[in-house]
Amino acid sequence: MKLFRPVLWALVTALVADTYSLSPPQQTCVIPALKDDRDDAPAIRQAFSKCGNNGKVAFKKNTKYSIQTVLQLHNLKNVQVDMFGTLEYSTDVRYWILHGSYYYFQNISIAMEFSGEDITIDGYGSGTIDGQGQVWHDLALGVGGLYGRPIPFCLRNVKNAVAKNFEILQSGKWNFLMVEFQNILVDNITLSSTSDDFQANPGNLGNTDGFDTINSNNITIQNIWADVGDDCVSFKPGSTNIHVKNLTCYNSAGIAIGSLGQYEGVRDVVENITAEDVSLYGSRNGAYIKTYAGKRFYWPPQGGGNGYVRNVVFKNFHIENITASPVLIQQCTHWAGYNVPACADTPPTGFFSNISWYNFTGYMNEKVGTKAVSWTCSPLATCEGFSFKDINIKSATGANGTYSCTNVDGYDVTCEKTK
Ligand SMILES: *[C@@H]1O[C@H](CO)[C@@H](O)[C@H](O)[C@H]1NC(C)=O
Ligand SMILES: *[C@@H]1O[C@H](CO)[C@@H](O)[C@H](O)[C@H]1NC(C)=O
Ligand SMILES: *[C@@H]1O[C@H](CO)[C@@H](O)[C@H](O)[C@H]1NC(C)=O
Ligand SMILES: *[C@@H]1O[C@H](CO)[C@@H](O)[C@H](O)[C@H]1NC(C)=O
Ligand SMILES: *[C@@H]1O[C@H](CO)[C@@H](O)[C@H](O)[C@H]1NC(C)=O
Ligand SMILES: *[C@@H]1O[C@H](CO)[C@@H](O)[C@H](O)[C@H]1NC(C)=O
Ligand SMILES: *[C@@H]1O[C@H](CO)[C@@H](O)[C@H](O)[C@H]1NC(C)=O
Ligand SMILES: *[C@@H]1O[C@H](CO)[C@@H](O)[C@H](O)[C@H]1NC(C)=O
Ligand SMILES: *[C@@H]1O[C@H](CO)[C@@H](O)[C@H](O)[C@H]1NC(C)=O
């Protein structure tokens, strides 16, 4: 028996070794950076095409990569991206307007997109994407929808991803976009987009949202610090099963569902959303839902669609110096445009149910009224199963916030329960 042991062992090790050799060795591609401001995008593309399947792609520490051409990093599978260094976009607005990756929703334009399966992007607390947004703010001058403003980071058509520990600075438009997506964890991300002349042109940061989700399911967004000029997080049409936790946002427009109903005849669905432990400083709104007008008008075309929102919880919000209502249903939002009809003439349609706001503390900006709760539903919409509790937002002078409700099932105009 003893004699056979070494033979058996050899057999076992041979089998094990064979099993391991069946899976290909993990390849690593370290991306070189060119000097003299030359375009590093070709090397990035090459690294992803070589190591983007069962491999690792690494940006180098303390290294600046200049990105002058659009990145479409597609067909990735089981890839680890070590995003050290700084990825800096060029400021050639003409190039980006002509060449950004197109997505039909609001004709958006994307500068860098990842797609595929099982993608982990880790910046280890030092990775940075610099959108060099000032050039876009100066060009757009507050026109949020100006065509071609590039989105610096997008996960598009992806199944299973983790994006963590990096920052995005000076985005020219929305910062971090998720479209056609399933299963993602977004963790420990810092966003900062400011404009040199923000005081003179406060509209100048229009559309620099923090996180946007479109047609995406099962997302967790947590441990975020952001200073952005528009919605900190916006759940756009097709967003389902999303959990947001531990966010601090400065100067944003708050946490938004919508805008819904932009496209004529289209029914936009947002379902199962929880946002909790959120601090908002100097925000325009708090936690809100916004819909376009009930009829389409020009220009750009907007309104005439449908909204359907249900199962939403906003809880544990701390809000300081907010300039509009912390608890808000907003109807007939629109972009700067022509022929904007009066909301009363084009009330939106829609269905909103089981939506709650709990435990809000803080105070309002001195320049605004005292409406802590403003639920303005359209006469043509269903607003049912709404609730709020422990909304302790004071006016700037310390008075209790007031409540107003219009067309909300179960509430009178002062938001007293009627049933
Ligand atoms: C998108 O672009 C198309 C074609 O250029 C244009 O007709 C349409 O009005 C644009 N839509 C929006 C929402 O800007
Ligand atoms: C989270 O991000 C911060 C700032 O980017 C960084 O200092 C920290 O190391 C990150 N945490 C981890 C676990 O990487
Ligand atoms: C949702 O995504 C997470 C990763 O963030 C994953 O662990 C989980 O299995 C997914 N849930 C479903 C139902 O697919
Ligand atoms: C919340 O997120 C911040 C990053 O913005 C982090 O520093 C902090 O530790 C997180 N808090 C908890 C309770 O996880
Ligand atoms: C929303 O959550 C409910 C209850 O957990 C579930 O039955 C439903 O399928 C979810 N909706 C979507 C679109 O996933
Ligand atoms: C209301 O929404 C919450 C949060 O998504 C969910 O847990 C609950 O099951 C929903 N209630 C109904 C009646 O659908
Ligand atoms: C209310 O929210 C605050 C954060 O804004 C949190 O610290 C506190 O624990 C919450 N209270 C309850 C009862 O959950
Ligand atoms: C509130 O915001 C305004 C700008 O809208 C600013 O001037 C003021 O100092 C802020 N107040 C506090 C208490 O932060
Ligand atoms: C303000 O609201 C608190 C409860 O949140 C209540 O105890 C207090 O009486 C109110 N103050 C006034 C002046 O109505």
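These figures come from a predicted structure and were not determined experimentally. (Residues numbered from 1 in each chain as written. Chains lettered and ligands numbered in written order. Predicted model: local features only at pLDDT ≥ 70, side-chain atom pairs only at ≥ 80, totals over all residues. Heavy atoms only, no water.)

K.L.:
Provide a residue-level description of the confidence of the model for the chain, including the pertinent values.
P.N.:
Confidence along the chain averages 91 in pLDDT terms, with 91% of residues attaining 70 or more. Below pLDDT 50 for its whole length, residues 6-22 participates in 0 contacts with residues either more than four positions away or in separate chains. (pLDDT = per-residue confidence, 0-100. Contact = heavy atoms within 4.5 Å.)

K.L.:
Report on the site of ligand 3, specifying residues and quantitative values.
P.N.:
Taken together, Asn183, Ile184, Leu185 and Asn218 make up all the residues around ligand 3. Within the side chain of Asn183, an N or O atom sits 3.4 Å from an oxygen atom of ligand 3. Within the side chain of Asn218, one N or O atom sits 2.4 Å away from an oxygen atom of ligand 3. When ligand 3 is considered free in solution it has 360 Å² of accessible area, and contact with the protein chains removes 35% of it. No other element matches the 3 residues that strand E11 (residues 176-192) contributes to the shell around ligand 3. For the shell around ligand 3, the class distribution of residues is 2 nonpolar, 2 polar and no charged. (Near = heavy atom within 4 Å. Polar contact = N/O pair within 3.5 Å; in protein donor to acceptor, adjacent residues only side chain to side chain. Areas by Shrake-Rupley, 256 points an atom, 1.4 Å probe, with all protein chains shown as cover. Helix = DSSP H or I, 4+ residues; strand = E, 2+ residues; numbered from the N terminus. Nonpolar A, V, L, I, M, F, W, Y, C, P; charged D, E, K, R; others polar.)

K.L.:
Explain a nonpolar patch on the surface residue by residue, including any values.
P.N.:
Side chains of Tyr102, Tyr104 and Tyr147 sit close together on the surface and give an oily, nonpolar patch of about 330 Å² of accessible area. Note that Tyr102 resides in strand E6 (residues 101-103). (Patch = residues over 30% accessible without salt bridge, like charges linked within 9 Å, V, L, I, M, F, W, Y side chains within 5 Å. Salt bridge = Lys/Arg side-chain N within 4 Å of Asp/Glu carboxyl O.)

K.L.:
Before we move on, could you go through the side chain of Ser234 and cite the residues and values that matter?
P.N.:
Checked against the element boundaries, Ser234 lands in strand E13 (residues 233-235). For Ser234, a relative accessible area of 0% translates into the label buried. Among the polar contacts made by the side chain of Ser234, one reaches the main-chain carbonyl oxygen of Gly258 at a distance of 2.8 Å. (Buried < 20%, exposed > 50% of the residue type's maximum accessible area, 1.4 Å probe, protein only.)

K.L.:
Before we move on, could you go through the side chain of Ser216 and cite the residues and values that matter?
P.N.:
Positionally, Ser216 belongs in strand E12 (residues 211-227). Among the residues examined, Ser216 registers a relative accessible area of 2% and is labelled buried. A polar side-chain atom of Ser216 sits 2.9 Å from the main-chain carbonyl oxygen of Ile214. In this view, Ser216 contacts Met178, Val179, Glu180, Phe181, Gly238, Ser239 and Thr240; residues no more than four positions away in its chain are not counted.

K.L.:
Outline the nonpolar core, supporting the account with residue identities and numerical values.
P.N.:
Membership of the largest hydrophobic core comes to 94 residues, with the highest contact counts inside it found for Phe153, Leu155, Phe176, Phe314, Trp357, Trp375 and Phe386. Summarising the domain contributions, this core has at least three residues from each of domain 1 (1-212) and domain 2 (254-419). Those residues in contact with Phe314 that lie beyond four places of it in its chain are Ile255, Ile257, Ala275, Ala287, Tyr288, Ile355, Ser356, Trp357, Tyr358 and Phe360. Listed in part, the 10 residues of the second largest apolar core include Tyr103, Phe105, Ile110 and Val179. (Core = buried A, V, L, I, M, F, W, Y, C linked by side-chain atoms within 4.5 Å. Domains from an automatic or database assignment.)

K.L.:
Lay out the sheet that holds E6 with the relevant residues and their values.
P.N.:
Taken in spatial order, the 3 strands make up an open sheet running E6-E7-E9, and their pairing is mixed. The strands lining the two open edges of the sheet, one partner per strand, are E6 and strand E9 (150-151). As defined by bridge partners, E6 adjoins strand E7 (residues 108-110) across 3 bridges and the pair is classed as antiparallel. Looking across to E7, one finds that Tyr103 is bridged to Ile108. (Pairing = 2+ DSSP bridges.)

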